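# Notes for the structure review
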Amino acid sequence: MPAASIQPTVTLTDEQVAFFRREGYLAIPSITSPEELARLREIYDGLFSSKAGRDDGNQFDLGGTDEEGKEAVLPQILNPRKYAPELEHTLYAANAAAISRQLLGADASARGEHMIYKPARTGAATPWHQDQAYHDPAQDYDNVNVWMPLQDATVENGCMQFVPRSHTWDVLPHHPIGHDPRVHGLEVDEPERYAAQAVACPLPAGGACFHRSYLLHYAGANRSDLPRRAYIMVFGLPSKPARRARHFPWQQRETTRQARLKAKAM
Ligand SMILES: O=C(O)CCC(=O)C(=O)O
């Protein structure tokens, strides 16, 4: 079905929009249909099992050292639509776009999407971080991440957790996970300072939560016997020059993924 013909089915209330603007996050019980959810789960599992995007650097281990042949602890696929074009036309995308415009304003548009998989029992935690720490420090991004679990998301299998109102803070110092420069994923310094303020956000399959790019967030390890699948879309307003000069030293390194891509280009 062409994207334009898929009409959004979810409209937030004024109270929900006000909650998001005040707290920096929001959760809703449903953003897609059960039929679409079942189809998305098949596509999702196929993309990870076929290692889609591995050769272009779009599938890698977000939480580990990502050597070839090593079991990933936190596999991620960037831009999954490139490998499954049918993802262009989903109710999830239509609702995510419409809700993002309600949350950020009419100028909000798609910035990208990714999938993060936590394998049963071995899926690692996604440490406390702000998404803005991954971005260009010279720019200020007003983005919202739409996070949809493809099965129920619980504290046990790694649902999202947030520090409410932390989106009003500037970017905190971060480091690569495990202080290992080869690892792509970031963690805020002194994470134990923030964990006590966490609000967990369990969701039913096909529900969604939304968070701003400055909000501190975390998802625990998967301690369950089933995989935890999350499909994430990012929407944002046009970025603006940062209000003050900033330096993100944690970005000055070469990850295994970058080294692999560099070697391939030579
Ligand atoms: O799915 C996860 O484990 C983490 C997701 C996340 O950090 C994000 O959407 O910004």
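Let me sum up the structure you'll find in this document. (Residues numbered from 1 in each chain as written. Predicted model: local features only at pLDDT ≥ 70, side-chain atom pairs only at ≥ 80, totals over all residues. Heavy atoms only, no water.)

### Notes on the site of the ligand
- Around the ligand, the structure places 14 residues, and the nearest of them are Thr126, Asn145, Trp147, His217 and Arg228.
- Between the ligand and Asp131, the relevant distance is 3.2 Å, taken from an oxygen atom to a side-chain nitrogen or oxygen of the residue.
- Side-chain polar atom of Trp147 to an oxygen atom of the ligand: 2.8 Å apart, as the coordinates give it.
- For the ligand, whose unbound accessible area comes to 290 Å², protein coverage reaches 97%.
- Among the elements of the structure, strand S4 (109-118), strand S5 (126-129), strand S7 (143-149), strand S13 (217-219) and strand S14 (228-236) are those that each provide at least two residues to the shell around the ligand.
- No other element matches S14, which puts 3 residues into the shell around the ligand.
- Classifying every residue of the shell around the ligand by side-chain character gives 6 nonpolar, 5 polar and 3 charged. (Near = heavy atom within 4 Å. Polar contact = N/O pair within 3.5 Å; in protein donor to acceptor, adjacent residues only side chain to side chain. Areas by Shrake-Rupley, 256 points an atom, 1.4 Å probe, with all protein chains shown as cover. Helix = DSSP H or I, 4+ residues; strand = E, 2+ residues; numbered from the N terminus. Nonpolar A, V, L, I, M, F, W, Y, C, P; charged D, E, K, R; others polar.)

### A short note on the pairing of S7
- In terms of burial, S7 is largely enclosed, as 7 of its 7 residues are buried.
- Here S7 shows a buried face lined by Asn143, Asn145, Trp147 and Pro149 and a second buried face lined by Val144, Val146 and Met148.
- Pairing geometry for S7 and S14, over 7 bridges, is antiparallel. Bridge pairing in S14 places Asn143 opposite Gly236.
- The pairing of S7 with strand S12 (residues 208-212) spans 4 bridges and is antiparallel. Pairing of Val144 across the sheet is with Arg212, part of S12. (Buried < 20%, exposed > 50% of the residue type's maximum accessible area, 1.4 Å probe, protein only. Pairing = 2+ DSSP bridges.)

### Some points on the packing of aromatic side chains
- Taken as a whole, this structure holds 9 aromatic pairs when the rule is applied.
- Relative to Tyr25, the ring of Phe19 has its centre 5.3 Å away and its plane inclined at 85 degrees; by these criteria the two rings are edge-to-face.
- Relative to Tyr117, the ring of Tyr44 has its centre 6.3 Å away and its plane inclined at 55 degrees; by these criteria the two rings are tilted. Taken together, the residues Tyr44 in helix H2 (residues 34-49) and Tyr117 in strand S4 connect sequence positions 73 residues apart.
- Residue classification places Tyr44 among the buried residues on the basis of a relative accessible area of 0%.
- For Tyr117, a relative accessible area of 19% gives the class buried.
- Clustering of aromatic rings is evident, with ring pairs tying together Phe19, Tyr25 and Phe162. (Phe/Tyr/Trp six-rings, centres within 6.5 Å; stacked < 30°, edge-to-face > 60°.)

### Comments concerning the nonpolar core
- By size, the foremost hydrophobic cluster in this structure holds 37 residues, and its most contacted members are Ile28, Ile31, Tyr92, Leu103, Val146, Phe210 and Tyr231.
- Residue assignment for this core shows that the elements contributing at least two residues are helix H1 (14-23), strand S1 (25-28), H2, helix H3 (91-104), S4, S7, S12 and S14.
- Per-element accounting of this core gives the leading share, 7 residues, to H3.
- Residues contacting Ile31, with those up to four places away along its chain left out, are Val10, Leu91, Tyr92, Asn95, Ala96, Ile99, Val146, Met148, Gly206, Gly207, Ala208 and Phe210.
- Listed in part, the 16 residues of the second largest apolar core include Cys159, Met160, Leu203 and Ile232. (Core = buried A, V, L, I, M, F, W, Y, C linked by side-chain atoms within 4.5 Å. Contact = heavy atoms within 4.5 Å.)

### Some thoughts on H1
- Among all positions in H1, only Val17, Phe20 and Glu23 are buried. The arc enclosing the buried residues of H1, seen along the axis, measures out at 155 degrees, which places them on a common side. For H1, the exposed residues set more than 90 degrees away from the buried face come down to Asp14 and Glu15.
- Contacts made by the buried residues of H1 are with S1, H3, S7 and S12.
- Just downstream of H1, Gly24 is the residue with a positive phi angle, here 90 degrees. (Arc of directions from axis to C-beta.)

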